[in-house]
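# Observations on the three-dimensional arrangement
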Amino acid sequence: MTSADPTSDTPPPEESAGEATDPPASPAGPVSPPPAAEGPTAPPADPAESPAHLLELDNIKKHFGSVIALDGVSFDLRPGECHCLLGDNGAGKSTFIKTMSGVHQPTEGQIRFAGEPVVFHNPHDAIQRGIATVYQDLGMIPLMSVSRNFFMGNEPRKRWLGIPVFDHATANRITMEEMNRMGIQLRSADQAVGTLSGGERQTVAIARAVYFGAKILILDEPTSALGVRQTSNVLATIDKVRKQGIGVVFISHNIRHAIAVGDRFTVLNRGRTLGTARRGEITEGELQDMMAGGKELAVLDSSLGGTI
Ligand SMILES: Nc1ncnc2c1ncn2[C@@H]1O[C@H](COP(=O)(O)OP(=O)(O)OP(=O)(O)O)[C@@H](O)[C@H]1O
Ligand SMILES: [Mg+2]
């Protein structure tokens with residue numbers, strides 16, 4: 001992991017999005033480098049066996065008025081693992097990760113970060129701990145260059161005639177280096193983000209979160225709008241990130257994508273968790289069945305002639 005450019009004058013990251021609002025414009029956006037310069041711990045051979053927890057959520061409940069979005073969900077994340085959060089539409093996945101990242105405060109339940117109880121009053125509190133969230137809109141400005149987007153809110157500066165100005169050359173060099181590390185060769189860091197493919201854009205968002213010191217990376221359906229090749233690029237990026245000791249929470253509808261990289265799988269169904277399984281302990285079919293809630297899938301299955 002690289003640390004952020006010390007020349008940056010870090011403006012306050014995004015404001016609290018408050019309750020029941022959309023995520024902040026740039027939630028994944030540059031997190032400030034962690035105060036202690038220590039990087040993530042090296043992952044053990046099987047990260048799902050690591051005794052250390054980066055994040056633990058116990059019995060989280062979230063009510064929106066009379067709507068019970070989460071009804072007692074527990075989840076934990078270890079360094080260097082990819083923990084997949086699966087579930088159908090309305091299962092509570094987004095609500096749950098917004099609780100992890102400080103957008104929502106739980107109605108009940110406890111969150112622990114590195115073993116210590118924490119309360120995230122707003123997204124900034126979570127970002128300060130190194131929790132970076134990449135939402136589907138990626139919080140990027142398509143007409144701006146890759147390097148401008150990469151450093152948005154954390155611009156490296158240099159002095160020109162005594163005035164601090166954006167250090168274009170440094171920003172471009174670091175952007176190219178970090179994208180290379182993720183396996184993407186950009187034509188130029190000056191090209192507009194809007195000209196990149198969906199998978200490349202995802203990688204920019206992931207690479208900048210990692211560069212700015214994320215210890216936990218939450219990805220909300222990063223592969224949902226991607227074709228086969230771009231999906232495999234993003235899955236390969238997740239694998240690289242995990243190997244650096246960062247814990248990844250990967251939200252997906254797609255079991256194949258989850259199985260390709262996941263170390264553990266937690267299925268949400270109508271605000272409840274149906275349990276967590278480790279890689280190798282569960283088949284694709286079993287996960288599919290859990291996601292759809294067993295019985296309903298069986299009914300559908302027969303009416304469609306067993307095609308599901
Ligand atoms: N701000 C809110 N106010 C009221 N109800 C909400 C709010 N946010 C979520 N809900 C409800 O909570 C439930 C879970 O929603 P959530 O968006 O977390 O599901 P999801 O698993 O992310 O679904 P999808 O796969 O469609 O994105 C839904 O019934 C939803 O209508
Ligand atoms: Mg959602």
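Put simply, side chains in a regular strand alternate between the two faces of the sheet. Pairing between strand β7 (residues 157-160) and strand β8 (residues 163-166): four bridges, direction antiparallel. Bridged to R157 within β8 is F166. Here β7 folds back onto β8 in antiparallel fashion, the turn holding two residues, of which L161 has a positive phi close to 50°.

Further remarks concern the sheet that holds strand β4 (residues 108-113). With antiparallel pairing, four strands are arranged side by side in an open sheet as β2-β1-β4-β5. At either end of the open sheet lies a strand with only one pairing partner, and these are β2 (67-77) and β5 (116-118). Ignoring which end each strand starts from, the neighbouring axes of this sheet average 30° apart. Pairing analysis gives five bridges linking strand β1 (residues 55-64) to β4, with the strands arranged antiparallel. Considered in β4, the bridge of E56 is made with R112. Against the sheet, helix α1 (residues 93-100) contacts β1 and β2, and its axis sits at roughly 120° relative to β1.

As a further point, take the nonpolar core. Core analysis: the biggest nonpolar cluster contains 71 residues, and I216, L217, V249 and F250 have the highest contact counts within it. The biggest single contributor to this core is helix α5 (residues 198-211), with seven residues. The residues touching L217, leaving out its near neighbours within four places in the chain, are A132, I206, A209, V241, I246 and V248.

This next bit is on α5. Between its terminal C-alpha atoms α5 stretches 20 Å, which fits the 20 Å expected from 14 residues at 1.5 Å a residue. In terms of burial, α5 is largely enclosed, as 13 of its 14 residues are buried. Immediately beyond the C-terminal end of α5, within one or two residues, lies G213, with a positive phi of roughly 95°.

With that settled, consider the sheet that holds strand β12 (residues 272-278). The six strands lie next to each other as β6-β9-β10-β3-β11-β12, forming an open sheet whose pairing is mixed. Every other strand in the sheet has two partners, leaving β6 (131-134) and β12 as the edge strands with one partner each. Pairs of neighbouring strands in the sheet enclose a mean axial angle of 15°, with direction left out of account. Here strand β3 (residues 82-87) pairs with strand β10 (residues 247-252) via five bridges, running parallel. Its bridge partner being in β10, L85 is matched across the sheet by I251. Sheet strands in contact with α1 are β3, β6, β9 (216-220), β10 and β11 (264-269), and its direction is about 155° off that of β9. Contacting β3, β11 and β12, helix α8 (residues 284-292) crosses the sheet at an angle of about 25° to β11.

Conventions used here
Residues numbered from 1 in each chain as written. Chains lettered and ligands numbered in written order. Predicted model: local features only at pLDDT ≥ 70, side-chain atom pairs only at ≥ 80, totals over all residues. Pairing = 2+ DSSP bridges. Helix = DSSP H or I, 4+ residues; strand = E, 2+ residues; numbered from the N terminus. Axes fitted to C-alpha atoms, helices over the stretch in contact; angles between N-to-C directions. Contact = placed C-beta atoms within 7 Å. Core = buried A, V, L, I, M, F, W, Y, C linked by C-beta atoms within 7 Å. Buried ≥ 20, exposed ≤ 12 C-beta atoms within 10 Å, placed from the backbone. Expected span 1.5 Å × (residues − 1).

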